[in-house]
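This is what each chain is made of:
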Amino acid sequence: QVQLVESGGGSVQAGGSLRLSCSASRSGFSINAMGWYRQVPGKQRELVATITRGSSTTYADSVKGRFTISRDNARKMVSLQMNSLKPDDTAVYYCNALATDFQTLYEYVYWGQGTQVTVSS
């Protein structure tokens, strides 16, 4: 099983910046796409940004131009640089990874434990 450990959440005023990082631990898996999702109480978890192993990226319209996702394949890490933060960005942010087991070739979805981001006006 792949474990995803997130760091970097916190509180910031509107207009500020935060950087989230997520590292994947476990050998025997190939990490494919990685991404960040967020969720607020009472709402569904929504996609924020994803990045493929080849570094192709997708972003939610609400974060385009403000957030940047990047990854380090060698270190099995994905990061999310969040600039010009807004109160609407307040949520629990979850790291996500699609990983292929080398032995079975099955693909699995893994989630981090979540990190709180709070943006005050």
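It should be noted that the structure appears before, not after, this text.
Below is a short write-up of the structure. (Residues numbered from 1 in each chain as written. Predicted model: local features only at pLDDT ≥ 70, side-chain atom pairs only at ≥ 80, totals over all residues. Heavy atoms only, no water.)

### Some thoughts on the overall build of the chain
Helix and strand content of the chain: zero helices and eleven strands. Start at the N end of the chain and walk to the C end: the helices and strands fall as β-β-β-β-β-β-β-β-β-β-β. Taken over C-alpha atoms, the radius of gyration comes to 14 Å for the chain, in line with the 14 Å a tight globule of 121 residues would show. Considering only C-alpha atoms, the chain reaches an extent of 50 × 25 × 20 Å along its principal axes. For the chain, buried positions account for 42% of its 121 residues. Contacts in the chain between residues far apart in sequence, at least 24 positions, make up 57% of those at least 6 positions apart. When the accessible surface of the chain is summed, it comes to about 6500 Å², and 48% of that surface belongs to carbon and sulfur atoms. (Helix = DSSP H or I, 4+ residues; strand = E, 2+ residues; numbered from the N terminus. Rg over C-alpha atoms; globule rule 2.2 N^0.38 Å. Buried < 20%, exposed > 50% of the residue type's maximum accessible area, 1.4 Å probe, protein only. Contact = heavy atoms within 4.5 Å. Areas by Shrake-Rupley, 256 points an atom, 1.4 Å probe, with all protein chains shown as cover.)

### Concerning the pairing of strand E8 (residues 77–82)
The buried fraction of E8 is high, at five of six residues. Two strands pair when backbone bridges link them, and strand E3 (residues 18–25) and E8 are joined in this way by six bridges, in the antiparallel orientation. Opposite Arg19, over in E8, you have Gln81 as the bridge partner. When strand E7 (residues 67–72) meets E8, the two strands line up antiparallel, connected through six bridges. Within E8, the position partnered with Thr68 by the bridge is Gln81. Between the end of E7 and the start of E8, which pair antiparallel, lie four residues, with Lys76 showing a positive phi angle near 55 degrees. (Pairing = 2+ DSSP bridges.)

### A few points about the state of the cysteines
Counted according to the given criterion, the structure contains one disulfide. What pairs with Cys22 in a disulfide is Cys95, and their sulfur atoms sit 2.1 Å apart. Between Cys22 and Cys95 the sulfur-sulfur dihedral comes to about -80 degrees; the bridge is accordingly left-handed. Here Cys22 is found in strand E3, whereas its partner Cys95 is found in strand E9 (residues 91–101), with 73 residues between them in sequence. With respect to class, Cys22 is no different from Cys95; both count as buried. (Disulfide = S-S within 2.5 Å.)

It is worth stressing that arrangement in space is one thing and function is another; only the former is reported here.
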